[in-house]
Amino acid sequence: GDGKGEPFSSNRITANMSTIKAIAENYQTFNPAAYLQNNYVPPRADFSNPDSVVPWKLKCLADACASGEIGGQILVDIGSGPTVYQVLSAFELFKEVILTDFLAVNREELKKWLHDEPGAFDWGPFINHVCSIEGKGEPWQEKRKRLRERVSRVIPVNVHQPCPLGTELAPGTVDALVSSFCLEACSPDYPAFVKALQNITGLLKPGGHVLMIGALEESYFLAGEAKLSVASFTEEMTRKAFQDMGYVIRDFRSYTMPESMKVGVDDVKGISFVWAQKKESN
Ligand code: SAM
């Protein structure tokens, strides 16, 4: 042939790979403290405001975990960043919890909290809120202690690799995954997001569950000096990605960012919550 089709497709692959590399380089300026300050203090984490976004996220996760259908040996949180709020309900249902992030600075921030070192972020109000959703009257410090004991490892992850956790965890060995604001925040576009979803899906056992929270129609967010670009897509596209990947969607919810939550640190329009279950066989 004249080779016209071929260079086009290989150019596309080259373009995509270099964009993924550029995103990785951009993340080197990600500032965990600034990111926490932008997203995990009031108004976004205001436990007295029923419209606040963090309480909405915690309720979605708590409801799925209260179903009695999720549990097992190993829970992996993909792209934990410097945060633990996303596992506060699910961790109770597994023997071992593994936190992961692409950046060493975020893994260090997590270890600071796990070891109760000075300067660690205070997840107390978040833990207290999850205890009040559970309504068992348990002192929140007990949940904090259990979580710190339950986390066995904090390890590197790259969702653009076919084995996102390398040799640490083989495909098909994980009982459940949690992931919040990770895949869209490190993918150049929707196809790359779908590919990343495929990569992390490979970690899951058949019948395993995923709890995913993600940004809707967001193009960027700030984390100190860093301005990260985000793959922007709709809730329908989120749902379709899971269906096409062979999941059964068990719950799907979305949240529209109220004006009061727009604080100039990103342009996120909404948030989706997906509880999906990998089919037993495909
Ligand atoms: N899960 C946290 C939360 O809910 O706030 C952090 C989300 S933050 C927006 C995106 C995270 O993705 C960062 O912690 C970043 O280090 C991580 N990340 C960047 N590139 C990645 C990659 N290739 N694979 C996995 N995670 C990546």
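This text gives an overview of the structure that appears in the document. Residue positions are given per chain, counting from 1 as you read along its sequence in written order. Since the coordinates come from a predicted model, pLDDT governs what is reported: local features require at least 70, and pairs of side-chain atoms require 80 or more to be given and counted, while whole-chain, interface and lining totals use all residues. For the side-chain quantities, the full set of heavy atoms in the structure was used; hydrogens and water were omitted.

Things to note about the overall build of the protein chain
Only DSSP runs of H or I with at least four residues qualify as helices, and only runs of E with at least two residues qualify as strands; both kinds are numbered from the N terminus onward. In terms of helices and strands, the protein chain carries eight helices and nine strands. Buried means the residue's accessible area, taken with a 1.4 Å probe over protein chains only, is under 20% of the maximum for its type, while exposed means over 50%, and partly exposed covers the values in between. Counting every position in the protein chain, which comprises 282 residues, the buried fraction comes to 51%. In this analysis, two residues are considered to be in contact whenever any of their non-hydrogen atoms come within 4.5 Å of each other. For the protein chain, the share of sequence-separated contacts (at least 6 apart) that also reach a separation of at least 24 residues comes to 73%. Only the protein chains shown count as cover for residues, and the accessible areas themselves come from Shrake-Rupley with a 1.4 Å probe. Just so you have it, the protein chain exposes about 12600 Å², and 52% of that area is on carbon and sulfur atoms. Computing the positive centroid from 29 side-chain charges and the negative centroid from 35, the protein chain places the two 3 Å apart. Asp and Glu count as negative and Lys and Arg as positive, but His and the ends of the chain are not part of the count. Where a charge lies is defined by one atom per residue type: Lys uses NZ, Arg uses CZ, Asp uses CG and Glu uses CD.

Quick notes on the pattern of salt bridges
For this analysis, a salt bridge means a side-chain nitrogen from Lys or Arg found within 4 Å of a carboxyl oxygen belonging to Asp or Glu. The tally for this structure, following the rule as stated, stands at 20 salt bridges. The closest approach of N and O atoms between Glu-149 and Lys-145, which form a salt bridge, is 3.2 Å. Here Glu-149 pairs with Lys-145, and both are found in helix 6 (residues 140-150), just four residues apart, close to one helical turn. Measuring nitrogen to oxygen at the nearest pair gives 2.9 Å for the salt bridge that ties Asp-251 to Arg-253. In the salt-bridge network here, residues are joined through shared partners; they are Glu-92, Glu-134, Glu-138, Lys-143 and Arg-146.

Remarks on the sheet that holds strand 1 (residues 72-78)
If you walk across this open sheet you meet the seven strands as 3-2-1-4-5-9-8, and the pairing is mixed. Single-partner strands in this sheet number two, and they are strand 3 (151-156) and strand 8 (247-256). Going across the sheet, the axis of each strand differs from the next one's by a mean of 15°, ignoring polarity. One ladder, built from four bridges, connects strand 1 with strand 4 (residues 174-180); its direction is parallel. Within the sheet, the bridge partner assigned to Val-76 lies in strand 4 and is Leu-177. Relative to the sheet, helix 8 (residues 235-244) contacts strand 5 (204-216), strand 8 and strand 9 (270-278), its axis offset from that of strand 8 by approximately 165°. A pair of strands is considered paired only if DSSP assigns at least 2 bridges between the two. In this description, a line fitted to the C-alpha atoms serves as the axis of each element, helices being fitted only across the stretch in contact, and the angle between N-to-C directions of two axes falls anywhere from 0 to 180 degrees.

Some points on the site of the ligand
Tyr-35, Tyr-40, Tyr-85, Asp-101 and Ser-180 are the nearest of the 23 residues found near the ligand. Polar contact is the term for a pair of N or O atoms within 3.5 Å; when the atoms are in protein, one must be able to donate a hydrogen and the other to accept it, and sequence-neighboring residues count only if both atoms are side-chain atoms. Within the side chain of Asn-106, an N or O atom sits 3.1 Å from an oxygen atom of the ligand. Val-159 is positioned such that a nitrogen or oxygen atom in its backbone is 3.0 Å from a nitrogen atom of the ligand. Here the ligand, which alone exposes 590 Å², has 98% of that area covered by the protein. Looking at the shell around the ligand residue by residue, the classes come out as 13 nonpolar, nine polar and one charged. Residues are counted as near a molecule or strand when any one of their heavy atoms sits within 4 Å of it. Residues are sorted three ways: Asp, Glu, Lys and Arg are charged, Ala, Val, Leu, Ile, Met, Phe, Trp, Tyr, Cys and Pro are nonpolar, and all the rest, Gly among them, are polar.

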